[in-house]
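Listed here are the chains, written in short residue letters.
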Amino acid sequence: MTSYRSYTAANIHELPQYDSIPEEQIRAIRTVARVYPFRVNSHVAEHLIDWSNIPDDPLFRLSFPQAEMLSEDDYGTLSALLTQGAPAEAVSAAVREIQFRQNPNPAGQKELNTPSLDGEPLHGMQHKYRESVLFFPLEAQVCHAYCTYCFRWPQFSGLENLRFQDDSVTRLVGYLRLHPEVRDVIFTGGDPMVMPSETLASYIRPLLQVPTLKTIRIGTKALSWWPLRFVAEPDNDALLALFEEIVGSGRQLALMAHISHPRELENPLAETAVRRIRSTGAVIRSQSPVVRHINDDAGTWEAMWQKQLQLGIIPYYMFLERDTGPKEYFAVPLVEALGIFNRAYRRMSGLGRTVRGPSMSCSPGKVAVDGIAEVGGQKVFVLKFIQGRNSDWVGRVFFARYDADATWIDDLVPAFGDEPFFFEAELRRLSGS
Ligand code: SF4
């Protein structure tokens, strides 16, 4: 059985597979990790990464920072400071300067999504969509391993004013009692599955006393990064009993599993974890962005969704890489993402067509790229709101001029004239700008 060990830039030399990583790659990892910290554990190293294919292996690129994640200039600056043995303050200043240029607060999360109770902002919650609230437990600020494309990199980098965290479920319950329209609470982080079962229970049990709450979701990558959490940790039985208790209360418990590559599920530990979770009555839904170097081909998505269906996981979302951090390295143009989605989707039976996307989780809402069409002689993207900051936007279709290079909604302009998109004025009003 794999015992838990975690590797970061500080102890990468202790990784048993250290000698498989070329020296130049090690230098790049140590340099880029100053900006985007990495964390890999023994399960990832022993069961997921193909060490005979470094650096191209997708699971290696998903786990270890790459030189190209920084611009050439930034990499050069940082690399020179480190090589010259510059004082720690000078290195930190350069790192912070680079980090603050990487859009660390995408989609205005901090300003637009933070709710308040009794006039006080609730910094451990986000309420963007009418029916659902995100909650960030204080003890879930890390993950079992970090994904190199993670949009929550500012939390791991210690950018204090960009953290979301709360240790009080009392505030969450108070908020839910004032907002009966909220049906879902989504536990997120980091990864809530890093918490001991007792801590997770202390957050969840009070919620079971809120009759208007119908669904509890837990966003997690533990199925991939540390499936032993559900199989062989001392308190895994307590965890599964908690899941049963939630289901027994008449609510749906959904594990929102972040799965980026089929290999993450192709091991007996992950399969056992899925079986154990499902035996509690919880459902597992899967989501991931489509990202360059890791899963940017239809065959990978088809294999991933097929494996999920076989195990009883419901394919839920294909996202587009968010406009933060090393976006340039990972982003896939909208047109290419749509092609990948469609080719994989066409190979699925009806059961697999539960998946939605490719979708942008952006400031106005979740916007899916539904297709490309020619209307009145103009080639356009057909876009659709799956979720909206204003719920009246949900289901609305709108059009943008076709752009082969666009990777995000900010790159798009409305089709058929120079009017702004229909939601822009209201979005500005909601933003107070
Ligand atoms: S599991 Fe999610 S929150 Fe954790 S590092 Fe990966 S993308 Fe980020």
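Residues numbered from 1 in each chain as written. Predicted model: local features only at pLDDT ≥ 70, side-chain atom pairs only at ≥ 80, totals over all residues. Heavy atoms only, no water.

Undergrad: Break down the layout of surface pockets for me, citing the residues and quoting the values.
TA: Within this model, the largest pocket holds a volume of roughly 1,100 Å³. As for the largest pocket, its lining consists of 47 residues, and the residues nearest its centre are F151, R152, Q287, F319 and R322. Across the lining of the largest pocket, the residue classes break down as 21 nonpolar, 15 polar and eleven charged. (1 Å grid on protein atoms, 1.4 Å probe; cavity = no way out; pocket = protein on both sides within 12 Å on 5 of 7 lines; lining within 4 Å. Points joined across faces, edges and corners; volume = space filled by probe spheres on them. Nonpolar A, V, L, I, M, F, W, Y, C, P; charged D, E, K, R; others polar.)

Undergrad: Quick one: what's the story with the state of the cysteines, residue by residue and with numbers?
TA: A complete count under the given rule lists zero disulfides for this structure. The structure places no disulfide on C362, whose sulfur is separated from the nearest cysteine sulfur, that of C150, by 18 Å. (Disulfide = S-S within 2.5 Å.)

Undergrad: Can you tell me about the site of the ligand, naming the residues and giving the values?
TA: Around the ligand, the neighbouring residues are C143, A145, Y146, C147, C150, F156, G190, K221 and H258. At a threshold of 2 Å from the grid points, most atoms of the ligand map onto the largest pocket. Residues belonging to the shell around the ligand are distributed by class as follows: six nonpolar, two polar and one charged. (Near = heavy atom within 4 Å. Sits in = over half its atoms within 2 Å of the grid points.)

Undergrad: I'd like to hear about the sheet that holds strand β7 (residues 184–187), residue by residue, with values.
TA: Taken in spatial order, the eleven strands make up an open sheet running β5-β6-β7-β8-β9-β10-β11-β12-β13-β14-β15, and their pairing is mixed. Two strands close off the open sheet at either side, each with one partner strand: β5 (125–129) and β15 (397–401). Direction aside, the axes of adjacent strands within the sheet are offset by 30° on average. Of the strand pairs in this sheet, strand β13 (residues 365–375) and strand β14 (residues 378–388) are connected by ten bridges, and their pairing is antiparallel. In the sheet register, K366 faces β14, and the bridge partner there is Q387. Most of the contacts of helix α11 (residues 236–248) go to strand β9 (residues 252–258), to which it runs at about 130°, and overall it touches β8 (215–220) and β9. (Pairing = 2+ DSSP bridges. Helix = DSSP H or I, 4+ residues; strand = E, 2+ residues; numbered from the N terminus. Axes fitted to C-alpha atoms, helices over the stretch in contact; angles between N-to-C directions. Contact = heavy atoms within 4.5 Å.)

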